[in-house]
Amino acid sequence: MALLYVNENGAVIGIEGNQCTVKYQDGMKKSIPIESLDGVTILGTAQVTSKCLEAFMKRGIPAAYFSKGGQYFGRVQSTGHINTARQRKQCALYETAFGLELGRRILSAKVKNQAVVLKRYEKSRGFTLQEEQKMLTICRNKILESKSIAEMMGYEGQGAKYYFRGLSKCIDKPFQFEGRSRRPPRDEFNSMISLGYSILMNEVYGKIELKGLNPYFGFIHRDAEKHPTLASDMMEEWRAVIVDATVMSMINGHEIHKEDFVKNQDEPGCYLTKRGLKIFLNKLERKLQTEVRYLSYLEYSVSFRKAIFCQMERLVKAIEMGDASVYEPIQIR
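Treat the numbers as computed from the prediction; the structure is a model and nothing was measured.

Conventions and cut-offs
- Residues numbered from 1 in each chain as written.
- Predicted model: local features only at pLDDT ≥ 70, side-chain atom pairs only at ≥ 80, totals over all residues.
- Heavy atoms only, no water.
- Helix = DSSP H or I, 4+ residues; strand = E, 2+ residues; numbered from the N terminus.
- Buried < 20%, exposed > 50% of the residue type's maximum accessible area, 1.4 Å probe, protein only.
- Lys, Arg positive; Asp, Glu negative; His and termini not counted.
- Salt bridge = Lys/Arg side-chain N within 4 Å of Asp/Glu carboxyl O.
- Polar contact = N/O pair within 3.5 Å; in protein donor to acceptor, adjacent residues only side chain to side chain.
- Contact = heavy atoms within 4.5 Å.
- Expected span 1.5 Å × (residues − 1).
- Phe/Tyr/Trp six-rings, centres within 6.5 Å; stacked < 30°, edge-to-face > 60°.
- Lys NZ or Arg CZ within 6 Å of the ring centre and 35° of its normal.
- Pairing = 2+ DSSP bridges.
- Axes fitted to C-alpha atoms, helices over the stretch in contact; angles between N-to-C directions.
- UniProt positions renumbered as here; feature names shortened; annotations may be inferred.

K.L.:
How would you summarise the side chain of aspartate 187 if you had to cite specific residues and measurements?
P.N.:
By secondary structure assignment, the location of aspartate 187 is in the loop between helix 5 (149–170) and helix 6 (188–210). It turns out aspartate 187 is buried and unbridged, and the closest side chain with the opposite charge, arginine 186, is 5.4 Å from it. A polar contact is formed between the side chain of aspartate 187 and the backbone nitrogen of asparagine 190, at a distance of 2.8 Å. With residues near it in sequence (within four places) discarded, aspartate 187 still touches Phe177, Glu178, Ser181 and Cys270.

K.L.:
Give me the lowdown on helix 3 (residues 97–125), citing residues and values where you can.
P.N.:
Side chains three or four residues apart in an α-helix point the same way, a direct result of the helix having 3.6 residues per turn. In this model, helix 3 (29 residues) spans 42 Å end to end at C-alpha, consistent with the 42 Å of a helix rising 1.5 Å per residue. Immediately beyond the C-terminal end of helix 3, within one or two residues, lies glycine 126, with a positive phi of roughly 80°.

K.L.:
Residue-level account of the environment of alanine 160, with values.
P.N.:
Mapped onto the elements of the fold, alanine 160 is located in helix 5. Assessed through its relative accessible area of 14%, alanine 160 is described here as buried. With 19 residues separating them along the chain, alanine 160 and glycine 179 place their C-alpha atoms 9.3 Å apart.

K.L.:
Quick rundown of the packing of aromatic side chains? Include the residues and the values.
P.N.:
Between two aromatic rings, the relevant description is the distance of the centres plus the angle of the planes. Applying the stated rule across the entire model yields eight aromatic pairs. Their ring planes at 85° and their centres at 6.1 Å tell us that tyrosine 205 and tyrosine 216 sit as a pair that is edge-to-face. Linking tyrosine 205 in helix 6 with tyrosine 216 in the loop between helix 6 and helix 7 (229–235), this pair joins segments that are 11 residues apart in sequence. Look at tyrosine 216 and you get partly exposed, because its relative accessible area is 33%. Where tryptophan 238 meets phenylalanine 304, the ring centres are 6.3 Å apart and the plane angle is 90°; that geometry is what we call edge-to-face. With tryptophan 238 in the loop between helix 7 and helix 8 (239–252) and phenylalanine 304 in helix 10 (residues 304–321), this pair connects stretches of sequence that are 66 residues apart. In this structure, tryptophan 238 and phenylalanine 304 share a single accessibility class: buried. Among the aromatic residues, ring-to-ring pairing joins Tyr163, Phe164, Phe177 and Phe189 into one connected group. Over the ring of tyrosine 197 we find arginine 239; its NZ or CZ atom is 4.6 Å from the centre of that ring.

K.L.:
Before we move on, could you go through the sheet that holds strand 6 (residues 47–48) and cite the residues and values that matter?
P.N.:
Reading across the sheet, the four strands line up as 4-3-2-6 and stay open at both edges, with mixed pairing between neighbours. In this open sheet, the two strands that pair with only one neighbour each are strand 4 (29–33) and strand 6. As judged from the two bridges shared by strand 2 (residues 12–16) and strand 6, these two strands associate in the parallel manner. Residue isoleucine 13 lies in a different strand from strand 6, and its bridge partner there is valine 48. On top of the sheet, helix 1 (residues 50–59) reaches strand 2, strand 3 (19–23) and strand 6; it is set at about 70° to strand 2, its chief contact.

K.L.:
Pulling in residues and values, what's your account of the UniProt feature "binding site: Mn(2+)" (unreviewed entry) in the protein?
P.N.:
Feature annotation in UniProt places "binding site: Mn(2+)" (unreviewed entry) on Glu156, His221 and Glu236, given in this structure's numbering. Separation in sequence by 81 residues is not matched in space for these annotated residues, since their most distant C-alpha atoms are only 12.1 Å apart. Mapped onto the elements, histidine 221 comes out in the loop between helix 6 and helix 7. Residues within four places of histidine 221 in sequence aside, it is in contact with Met153, Thr229, Ser232, Asp233 and Glu236. At 2.6 Å, the side chain of histidine 221 and the side chain of aspartate 233 are in polar contact. With respect to the secondary-structure elements, glutamate 236 resides in the loop between helix 7 and helix 8. Residues contacting glutamate 236, with those up to four places away along its chain left out, are Ile106, Leu107, Lys110 and His221. One polar contact links glutamate 236 to histidine 221, side chain to side chain, over a distance of 3.2 Å.

Pasting the structure below:
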């Protein structure tokens, strides 16, 4: 299956026979068999014809909308996968011990993965980040001991500060940054991970819907208007593994350069140019297609994209059993 990314303002996405087409303002035209299309991601102001949207919904092909800077607006999705009985069970577990246990598992795994990613770049740089690693260990242990969601989220946030401080020390000097900045991203590193997290959320969101769950009924992140909190929950274990590692690889591997970014565009902040966006999306897509053996309950390799889907199946099993211990977050080595 294939994903279609469209980042050209003014492009028109349509349908001709069994082909999904993209017509650009310069007269160029590309097409892809609709049978092979798994999803469409639109960054900017491209348009989708009504006939094409109808074809997408009939075939269960989601179309997700983002700003050029990666802000997520929403998605068009068929209702064919909704499972009302499963969603009732999901909602019933919200105020129970299920969320607390799931939170411990996911957030402790997230911090562990951050420590491993940091260790890899420490090794490549030839130094040790003793304070950062020590604090990540402390925060992970505190998460495992936490008695409330709010408490463990506090320790997760504290760990993130030390993690990003460590990454900044491991990154090539032209790209060094001062902490995490979101809206707007103030520098090149934050620009890429913000966009990467948005795309990752879209991946997770789609897998949640495929399993009939409600993306807006989370367990770790508290209810928030217009925010898919379950998608936020389930992407936590993947952030460092997929997005952060990809961005660090691009920068330290000199696959992207300062001139691939521009500041003070239509919206304030630092954003990828057209060329930079193409480089980034191609790299992230290759990462999502990379096969790994990180899932403890599988004896064979699967792509990161498939692994996310497998984790949603695991979550469904945990919800239907009412037992969060069934869920096993990914932990890299």
